[in-house]
Amino acid sequence: MTDSFDPPYPNYDILRKWDSPSYNQITRDVLTERLTAVPQRQFLDEQEWRLLQAICDQLVPQPERTDPVPITPFIDAALTENRTNGTRFAGIPAMREAWRKGLAAIRAEAMAQHDTDFVSLDAHRQEALLHRINDGDAEPAHWDGMPAQRFFRSVLLKEVLAIYYAHPAAQSEIGFGGPAAPRGYVRMGADRMDPWEAPADRRNR
Amino acid sequence: MPLVEHLSPRAIAGRAPDVFRHGGWVPMREYGDDEEVDFTIVGTGAGGGTLAAKLAEAGFSVVALDAGPFWRPLEDFASDERHQDKLYWLDERISEGNDPIELGGNNSGRSVGGSTVHYQMVALRFRPEWFRSRTTLGYGHDWPVDWRRMWECYAEVEDALKISGPLTYPWGPKRGRYPYREHELNASAEVLARGCEELGVDWSACPTATVSARRGLSPHCVYRGFCKIGCATNAKQSTLNTFIPRALAAGAEIRDLSMVTRVETGADGRATGVVYQRDGQVRRQRARHVVVAGYSIETPRLLLNSASPKHPDGLANSSGLVGRALMVHTNHAVWGRFQEEIRWYKGPPSLAVCEHWNYADDEKDFFGGYAYMSQGPLPTDFAKTLAESEGIFGTELRRRMADYNHMAGLKIVGETMPQERNRVELADETDRYGVPLARVTYSMCENDRQLADHSLEFMRNALSAAGGQELFQSGGTAHLMGGCRMGFSREDSVVDGDGRSWDVGNLWICDGSLFPTGGGVNPSMTIMALAVHIADRIKTLAGQDAL
């Protein structure tokens, strides 16, 4: 495990093609809203919101960014609208209740292990605590019958990743082509790229 | 992205969206709810949409209802995974069993055009022997349809969708050439080809439902790679831009955002029509025949929710098989890093296929087969796979994701055995329409695991031989099949070989829930071929006055 993230495409930004044929109108509309209308807290209470932010900082740390990709606000917005994802696994309650219960359980895990709130723990302890849940070593007593690993992977982590990698900054950092309609791509072979794609991975240059 | 409950129907006032034009409309014939139409069809995906076109073209009056919206791809589809969640069935379903299935975006569409709006366009035929799996291969059930008949239907569907495919296909009996030429391979597909060459098995350019040259109002595929979340150019040939426009032109009415909650039956036990909700109103459509085409979860759910004094255990369920023998495909994969940049986001995700293990009976010790294809997951899709299979998050996940452009993968569509314990039932809890939620139970059997293990070992060797490093593997499932299987008698099945209920003579099923076995290929072409077959049979029966 490394502590820092070393970007392979440091100067690439998919937003630079905004005015090109790679972006159709609806894509521009969707991204404009995502970038400019970051939702305000509505569903979670202040304590839950701070806890979730601390968790998101561990799930996708962005220490190098002055303007980190916002994640908590979009989770809260989905919960406000009562959005579901089509699957409720056995033992996991309805979406809103599942998040409330999961956050309470992580708070309880922190209290039981360290006698303090998760938010107050140092980053190393926060990460270790989340790894235990991810690895299936949560304390069932705190989870009130909800399968902890299942919640962590299938509800929490999945949603966090879906939000992070839907953001242009995250897509730029991995060299993804980004929006591509109506214009797609011409050069399909290995190490071949169109001028509107990320230049070659600097590690290969 | 918009929530389905906030959308308003578009197919109203004598017109329906023109899928090929910004803001465009095409004229649509409309029927009154009290007008008894020949056929009302529940669902407009690979099964229902295809059937609607075929029946309307044969002169029947048709009203097809879909719970989902009627999209215009050119203006409605963004290059954005999160926004495009709007294509999926996101209402909650309860998923249980030893290996609970992920539903929603994994396998369930909710749009006019159904799951074909987001399918990966892999257009494969069943192996002929699979239609007699029990007799010739020793597992599962035989199908009540002959493979030669199905092959005629496949040919019709492949022409209707102008499948782009190779001049010769390495496996199975000789077939005619595909209507459009095959697509060029992307780097991801070349990896699959290289692995097969090294291991000495055949591979092929994948027959694909996106056009390699202009077709009418569909431009040639521009290899944008967002196929799985909706094609924004109309190059993809889905039910939405093929059979649905045909159905409308032939006089069918398509009602979008219409959730059917019950099939109604009369005192004699025959179907009289459906109850549905549209735009906040509860309505009824009368019909001489009702066709249920809601796929493997919604079809059994609707039938079970349509119980009546004559049908106490649910409609068409005297066999007790409604909802039973639900199948998926195992979707195991091996992923590896390549020194060169693959950039698998370009082109349709699965441009190359290996069906070797669907045909090589003598070299394996399990029932069923699998195909594997090259892969091209979009960023959030791949991030989830990485997190789930490697158990990582945090900086390590970001670092691994930084290799996104160097990755390639091989993933199976693996046949699972039909087991009656795998099923769809009604839960106690109800949804916003007042219909009980579906409870879906799924557990793999030993044979399913053996097949998956075999595939993982083979694909590891193939990916490694192609130059892949730092290999890792993932599990999961794709597709749904079964739940209302077709068969030979009222004891062994829900419907006969024409899709007609054994119990209710004017009730039909036309979707993937009919499958007695799953096969080792993506199901959409077989669902469409069944729809063609059922439409032809209905025409024949009508001609004999036997409807």
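In case you missed it, the structure is sitting above this.
What comes next is a walk through the structure. The structure presented is a predicted model; accordingly, all values stated were derived computationally and were not measured.

**Overview of the overall build of chain B**
- Of regular secondary structure, chain B possesses 12 helices and 22 strands.
- If you line up chain B on its principal axes, its C-alpha atoms span 65 × 50 × 50 Å.
- By residue count, 69% of the 547 residues in chain B fall in the buried class.
- Pairs at least 24 residues apart make up 74% of the contacts formed inside chain B by residues separated by at least 6 positions.
- Working note: accessible area of chain B is about 16,800 Å², and carbon and sulfur atoms make up 45% of it.

**Some points on the overall build of chain A**
- Secondary structure assignment for chain A yields seven helices and one strand.
- Starting at the N terminus and ending at the C terminus, chain A contains elements arranged as α-α-α-β-α-α-α-α.
- Across its three principal axes, chain A shows a C-alpha extent of roughly 55 × 35 × 30 Å.
- A buried classification covers 54% of the 205 residues belonging to chain A.
- Nonlocal contacts in chain A, meaning residues at least 24 apart in sequence, comprise 65% of its contacts between residues at least 6 apart.
- Carbon and sulfur atoms make up 48% of the accessible area of chain A, which totals about 9,100 Å².
- Within chain A, the 30 negative side-chain charges are centred at a point lying 6 Å from the centre of the 24 positive side-chain charges.

**Examining the pattern of salt bridges**
- Applying the stated criterion across every chain, the model contains 60 salt bridges over all chains.
- For the salt bridge of R255(B) with E253(B), the shortest nitrogen-to-oxygen distance reads 2.7 Å.
- Taken together, the shared-partner salt bridges connect E64(A), R65(A), E173(A) and R398(B) into one network.

**Observations concerning the interface of chain B and chain A**
- Taken together, the contacts link 71 residues of chain B with 77 residues of chain A.
- When chain B packs against chain A, close to 5,900 Å² is buried across both sides, 54% of that on carbon and sulfur atoms.
- The three residues of chain B that bury the most area against chain A are R82(B), F393(B) and R398(B), which together make up 17% of that side's buried surface.
- Where chain B packs against chain A, one counts 10 salt bridges.
- Linking R343(B) and E197(A) is a salt bridge whose minimum nitrogen-to-oxygen distance equals 3.5 Å.
- Across the contact surface, chain B and chain A share 39 residue pairs in polar contact (both at pLDDT 80 or more).
- Counting only elements with at least two residues in the side of chain B that touches chain A, the list comes to α2 (73-76), β5 (94-96), α5 (187-199), α9 (379-390) and α10 (395-401) of chain B.

**Considerations on the packing of aromatic side chains**
- As enumerated under the stated definition, the model contains 30 aromatic pairs over all chains in all.
- An angle of 55° between the planes, with centres 6.1 Å apart, marks the rings of W143(A) and F151(A) as tilted. Across this residue pair, the class does not change: W143(A) and F151(A) are buried.
- Of the aromatic side chains, those joined through ring pairs into one cluster are F176(A), Y185(A), F226(B), W335(B), W344(B), Y345(B), F382(B), Y404(B) and F472(B).
- One Lys or Arg, R110(B), reaches over the ring of W89(B) and ends 4.1 Å from the middle of that ring.
- Just above the ring of F5(A) sits the side chain of R398(B); from NZ or CZ to the centre is 4.3 Å.

Definitions and limits used
Residues numbered from 1 in each chain as written. Chains lettered and ligands numbered in written order. Predicted model: local features only at pLDDT ≥ 70, side-chain atom pairs only at ≥ 80, totals over all residues. Heavy atoms only, no water. Helix = DSSP H or I, 4+ residues; strand = E, 2+ residues; numbered from the N terminus. Buried < 20%, exposed > 50% of the residue type's maximum accessible area, 1.4 Å probe, protein only. Contact = heavy atoms within 4.5 Å. Areas by Shrake-Rupley, 256 points an atom, 1.4 Å probe, with all protein chains shown as cover. Lys, Arg positive; Asp, Glu negative; His and termini not counted. Charge placed at Lys NZ, Arg CZ, Asp CG, Glu CD. Salt bridge = Lys/Arg side-chain N within 4 Å of Asp/Glu carboxyl O. Buried area = accessible area lost by both parts, 1.4 Å probe. Polar contact = N/O pair within 3.5 Å; in protein donor to acceptor, adjacent residues only side chain to side chain. Phe/Tyr/Trp six-rings, centres within 6.5 Å; stacked < 30°, edge-to-face > 60°. Lys NZ or Arg CZ within 6 Å of the ring centre and 35° of its normal.

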